[in-house]
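Coordinates in review
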Amino acid sequence: MTIFYILDILGTIAFAISGALVAMNKKMDPFGVFIIAFVTAVGGGTLRDVLIGNQPVIWMTDITYVFLISSSVFIAILFRKKLKHLQKSLFLFDAIGLGVFTITGTEIGINAHFHPIISIALATMTASFGGVIRDILCNEVPVLFRKEIYATACIFGSIAFIILHHLNIDQTIVNVSTTLIVIAIRLIAVKYKLSLPTFYSEN
Amino acid sequence: MTIFYILDILGTIAFAISGALVAMNKKMDPFGVFIIAFVTAVGGGTLRDVLIGNQPVIWMTDITYVFLISSSVFIAILFRKKLKHLQKSLFLFDAIGLGVFTITGTEIGINAHFHPIISIALATMTASFGGVIRDILCNEVPVLFRKEIYATACIFGSIAFIILHHLNIDQTIVNVSTTLIVIAIRLIAVKYKLSLPTFYSEN
Amino acid sequence: MTIFYILDILGTIAFAISGALVAMNKKMDPFGVFIIAFVTAVGGGTLRDVLIGNQPVIWMTDITYVFLISSSVFIAILFRKKLKHLQKSLFLFDAIGLGVFTITGTEIGINAHFHPIISIALATMTASFGGVIRDILCNEVPVLFRKEIYATACIFGSIAFIILHHLNIDQTIVNVSTTLIVIAIRLIAVKYKLSLPTFYSEN
């Protein structure tokens, strides 16, 4: 429970900073930067909770999220000059958020006794939907539909989590290792420009 | 109940194939094709269920939908060469989904004792919203806002359903006939390029 | 309660007309005009209710909203020639809706005992999200992200409401004065082209 909460906080901070960086890249005003950071951080979890029926959504009842995101935005604005290579920092924070939220999404699915496939879907949704909204609001092509492996990293991480969980391995080890798997797949995919095989070759 | 379920399955398959065809037209990777097919098939019903408060949404608790959509996508990919005239097939499958989901949407509204106007709105939403999301994600102008009659077909079908239902006609006959009405209106509208009257002529 | 309901009706009419005007500017067909008007009028409140878990959403159980919006659209279409200066009328109706829905959103948050910050967020969402959907569907840059102060007006109005409410001032006075504050901030911001301070100057 506490590990789960800490992971959720880490993912929230990572995605909030990632959102703030994209918004500052677009030269948005402070309010716009905050909104994009907020939506990036809580968008995936909010969609998940609404589809499950878990309302009011978590950030309405636990005010911690608002303070976390506000602080993250403040720090991102303050250190924006040191973050000259915005693209690289953005990419790393996005990968961390992706890894952490894959785990929280899977865990919520398992605890609610959904079918493993649905738990994987919830993980993917939690991890990637915030970034999709961020990209739509910033008028970029959604990250999900770019060539590199993105949601696929969540799917593999979520499957790994479910398998390790069934093997009764210590939960902390499961959490940390599957988070690292997602981040590693994402980093490797981008570094080596990996993408899913296509089937249009013969056309 | 069983007829209702069969109709829902038919609509899901039709919309999943329609979504897969659009995504393949856009040369998306396998994951993208699956996501677009999934969103097209369940998007309208999911929005409806969330607005009603009918959660967790159906495809989370009944895993059949995931398998149906996966199979439909697999078949669509396999037979994509035989579906050379993608546009025509796409249009037909879309019309079938439109007809079937108009009925399921209306029925849910009636069973939940909503005002007939709300039942018609639920029908239109169930039938057309999946296609709207599909078009937004594929960066096309949403089908709802194109010139030909689309949502209007749902509205007429839904009204016919409500009238026939009040006349206590056998439910199977009501289902089949109103589904056919929607498909027929849609086919005729596109064939003769019918559209709603406009009021801008005097400008 | 009754004042609250009257405010909600006023906001619905104002936003429905604002939506209809935007849609007519885009030369949409009658169905498109109605849909845009509807989404503009109920979009913000619907998102708020779904996130809170207040379902079925209000316009499904209280058919008044459908009739109000239909009538507003009918009147907007009928008097479209007298509304030659569409932009100006549109702007005024939008500001009224913004003011009124800020109040209803804040009040719902307070009544549900959410943290004041969340009440302010609910107010901003209720007031501005309908306009965001309207702009996305009409393919305009969402009003929230344009330069002038928009959501900021809601935030100030909502804060004023919460303060006055805590001072136990008569509810009618609180409602009217904070609605006027939001409208005034919005009018002044646009008249004098005010915007939030930016922090990109040193780049």
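Residues numbered from 1 in each chain as written. Chains lettered and ligands numbered in written order. Predicted model: local features only at pLDDT ≥ 70, side-chain atom pairs only at ≥ 80, totals over all residues.

In terms of regular secondary structure, chain A is built from 8 helices and 0 strands. Counting from the amino terminus, helix and strand elements in chain A follow one another as α-α-α-α-α-α-α-α. Relative to a compact globule of 203 residues, whose C-alpha radius of gyration would be 17 Å, chain A shows 17 Å and is just as compact. In terms of overall dimensions, chain A has C-alpha extents of about 50 × 45 × 30 Å along its principal axes. Burial status across chain A gives 48% buried among its 203 residues. Contacts in chain A between residues far apart in sequence, at least 24 positions, make up 71% of those at least 6 positions apart. (Helix = DSSP H or I, 4+ residues; strand = E, 2+ residues; numbered from the N terminus. Rg over C-alpha atoms; globule rule 2.2 N^0.38 Å. Buried ≥ 20, exposed ≤ 12 C-beta atoms within 10 Å, placed from the backbone. Contact = placed C-beta atoms within 7 Å.)

This paragraph deals with the interface of chain B and chain C. If you look at the interface, chain B gives 16 residues, while chain C gives 14 residues. Elements represented by at least two residues in the side of chain B that touches chain C include exactly α2 (30–52), α6 (116–137) and α7 (151–166) of chain B. Residue contributions to the side of chain B that touches chain C peak at 3 residues, all from α2(B). In terms of residue class, the side of chain B that touches chain C is made up of 11 nonpolar, 5 polar and no charged. (Nonpolar A, V, L, I, M, F, W, Y, C, P; charged D, E, K, R; others polar.)

This paragraph deals with the nonpolar core. Formed by 183 residues in total, the largest nonpolar core has its most connected members in A:Ala20, A:Ala37, B:Ala20, B:Ala37, C:Ala20 and C:Ala37. With near-sequence residues (within four places) excluded, A:Ala37 lies in contact with A:Ala16, A:Gly19, A:Ala20, A:Ala23, A:Ile69, A:Ser72 and A:Val73. (Core = buried A, V, L, I, M, F, W, Y, C linked by C-beta atoms within 7 Å.)

Right, let's get into helix α7 (residues 151–166) of chain C. In an α-helix, one turn spans 3.6 residues; hence positions three or four apart end up facing the same way. All names here are of chain C. Here α7 is 16 residues long and its end C-alpha atoms lie 23 Å apart, about the 22 Å a rise of 1.5 Å per residue gives. Turning to α7, its buried residues number three or more, namely Ala151, Thr152, Ala153, Cys154, Gly157, Ser158, Ala160, Phe161 and Ile162. Taken from the residues just after α7, Asn168 is the one with a positive phi, measuring 60 degrees. (Expected span 1.5 Å × (residues − 1).)

Note on the identical chains: chain B maps onto chain C by a rotation of 120 degrees and an axial translation of 0.0 Å, with an RMSD of 0.0 Å. Taken together, the turn and the small shift mark the pair as related by a three-fold rotation axis. Looking at chain B, a mere 6% of its interface residues are interface residues in chain C too, so the copies touch through different faces. (Least-squares fit on C-alpha atoms with pLDDT ≥ 70 in both.)

As for its placement among the helices and strands, B:Pro142 is situated in the loop between α6 and α7. When the C-alpha positions of B:Pro142 and B:Ser128 are compared, they lie 9.8 Å apart, and in sequence the two are 14 residues distant.

Expressed as a screw transformation, the operator carrying chain A onto chain C has a rotation angle of 120 degrees and an axial translation of 0.0 Å, and the superposed copies differ by an RMSD of 0.0 Å. Here only 7% of the interface residues in chain A have copies in chain C that are interface residues too; the copies meet through unlike faces.

Quick look at the confidence of the model for chain A now. Low pLDDT marks stretches whose predicted atomic positions should not be read closely. When the pLDDT values of chain A are averaged, the result is 86; 91% of them are 70 or greater. On the interface metric, ipTM, the complex scores 0.83, and its pTM is 0.88. (pLDDT = per-residue confidence, 0-100.)

Along the chain, the position of C:Phe156 falls in helix α7. Leave out the neighbours within four places in its chain, and C:Phe156 touches C:Ile181 and C:Ile185.

A few words on the packing of helix α1 (residues 2–25) of chain C against helix α4 (residues 64–78) of chain C. Residues and elements named next belong to chain C. Where α1 meets α4, the closest approach of the two axes is 9 Å, and the angle between their N-to-C directions is 45 degrees. Judged by the inter-axis angle, α1 sits oblique to α4. The two elements α1 and α4 meet at a crossing, and its hand is right-handed. Counted together, Ile9, Thr12, Ile13, Ala16, Ile17, Ala20 and Leu21 of α1 and Tyr65, Leu68, Ile69, Ser72, Val73, Ala76 and Ile77 of α4 form the full contact between these two elements. Considered class by class, the residues forming the contact of α1 with α4 number 12 nonpolar, 2 polar and no charged. (Axes fitted to C-alpha atoms, helices over the stretch in contact; angles between N-to-C directions. Parallel < 35°, antiparallel > 145°, perpendicular 65-115°, else oblique. Left-handed = near helix turned anticlockwise from the far one by under 90°.)

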